[in-house]
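Here is what each chain is made of, one letter per residue.
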Amino acid sequence: MKKITIGLGLFMLSHILFAQGGWIEAGLKGGYGVNFLINKNYYSDHNFSPKLSFGYMFGGKIGINFNETHSVTIDVTSSVFEQKFNYSTLNADSVTRTIYSGSIGYNSLDFLLMYRKASDGGYIEIGPQYSMVAKVRLKDEANSAANTTDVASNMVKSYYSAVFGFGGYLVGTENFRVTIGFRAAYGLTDIISSVGKQNNFPVPNEYPAYKPTHPLTGMMVMEMNYDIGYFARSKCKKRKVRFLLF
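This one's a predicted model, so the numbers in the text were calculated from it and none came from an experiment. (Residues numbered from 1 in each chain as written. Predicted model: local features only at pLDDT ≥ 70, side-chain atom pairs only at ≥ 80, totals over all residues. Heavy atoms only, no water.)

Right, let's talk about the pattern of salt bridges for a bit. Applying the stated criterion to the full structure yields 10 salt bridges. Between Arg 183 and Asp 75 there is a salt bridge whose closest N-O contact spans 3.1 Å. With Arg 183 in strand S8 (residues 176-187) and Asp 75 in strand S4 (residues 70-90), this residue pair connects regions lying 108 residues apart in the sequence. For Asp 75, a relative accessible area of 1% puts it in the buried group. Ionic pairing is found between Arg 183 and Glu 125, a salt bridge with its closest N-O pair at 2.9 Å. With Arg 183 in strand S8 and Glu 125 in strand S6 (residues 122-140), the pair connects residues that are 58 residues apart, well separated along the chain. (Salt bridge = Lys/Arg side-chain N within 4 Å of Asp/Glu carboxyl O. Helix = DSSP H or I, 4+ residues; strand = E, 2+ residues; numbered from the N terminus. Buried < 20%, exposed > 50% of the residue type's maximum accessible area, 1.4 Å probe, protein only.)

As structure tokens, this is what we get:
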């Protein structure tokens, strides 16, 4: 039954692509931009100060273009996230405070399914992202032991995000295009695990009530896309749909 469903899906997709003058493209992409950890406790705490932080990503994509306007892309990317911050703790005299610096970082393998609409040399895109978390890092000036401790258990192993982007054509030929744009991703679920909640991860400050932590990224993204081939109908009596390589 599963094979039949997949076969029907591919059959319908091929006919839609033919009818609309569709083609398939492959591409490479990379991005660089800012990172934020969104948490209501952090931003209402005068003893916590997030610092401007940066991350990057790189990966590849397969694009299924139904026509010149509508397409669906499947992206697989590797990302690096880091949030730097300062925080202060009350000294023994209960009057003065000491400021410390710290950061949290992690790598992720991201899978995106994006709908893209193009017009007048530009595009907008929207879709979901699934991220698998790895290599969690914590740096804490006040606690040197935290820098060498395995802190992966303080974060979830995966999470979902909503992604929105826009951009435009930069340069290219008939079958090869370079685009540049902006892409933002917001984590829909809390990235701190039950263990991390107990440990007040990543900020050691204690708060009256727990608030979830959501990653937010905004990156400039460059793509290099090459058209693999297009769909056409043969001239024989059976009128078969064929995939032609460029």
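Alright, that's what it looks like, and here's the rest.
Our next topic: the layout of surface pockets. Within this model, the largest pocket holds a volume of roughly 390 Å³. Looking at the largest pocket, it is lined by 22 residues, and the ones nearest its centre are Glu 68, Ala 118, Gly 122, Arg 177 and Thr 179. (1 Å grid on protein atoms, 1.4 Å probe; cavity = no way out; pocket = protein on both sides within 12 Å on 5 of 7 lines; lining within 4 Å. Points joined across faces, edges and corners; volume = space filled by probe spheres on them.)

The topology assignment puts Arg 116 in strand S5 (residues 97-119). Residue Arg 116 is classed as buried on the basis of its relative accessible area, which comes to 8%. A distance of 2.8 Å separates polar atoms of two side chains, one belonging to Arg 116 and the other to Glu 125. In this structure the side chain of Arg 116 is engaged in a polar contact, spanning 2.9 Å, whose partner is the side chain of Glu 223. (Polar contact = N/O pair within 3.5 Å; in protein donor to acceptor, adjacent residues only side chain to side chain.)

At the junction of Phe 201 and Pro 202, the peptide bond is cis and its omega measures out at 0° in the coordinates. In this fold, Pro 202 is placed in the loop between helix H3 (194-198) and strand S9 (214-233). Positive phi values are uncommon outside glycine, yet Asp 120 reaches one of about 55°. Relative to the helices and strands, Asp 120 resides in the loop between S5 and S6.

Here we come to the side chain of Asn 35. Relative to the assigned elements, Asn 35 resides in strand S1 (residues 23-38). Within the structure, the side chain of Asn 35 is placed 3.3 Å from the backbone oxygen of Phe 54, a separation counted as a polar contact. A distance of 3.3 Å separates a polar atom in the side chain of Asn 35 from the backbone oxygen of Glu 82. The residues touching Asn 35, leaving out its near neighbours within four places in the chain, are Ser 53, Phe 54, Gly 55, Val 80, Phe 81, Glu 82, Gln 83, Leu 216 and Thr 217. (Contact = heavy atoms within 4.5 Å.)

What follows deals with empty space enclosed by the protein. All told, the structure shown has 1 cavity of 30 Å³ or more when counted by the stated rule. In this structure, the largest cavity spans a volume of roughly 270 Å³. In terms of lining residues, the largest cavity is bounded by 22 residues, among which Ser 79, Asp 110, Gln 129, Ala 185 and Thr 217 are the most central. The set of elements that each furnish at least two residues to the lining of the largest cavity consists of S4, S5, strand S7 (158-172), S8 and S9. With 5 residues, S8 is the single largest residue contributor to the lining of the largest cavity.

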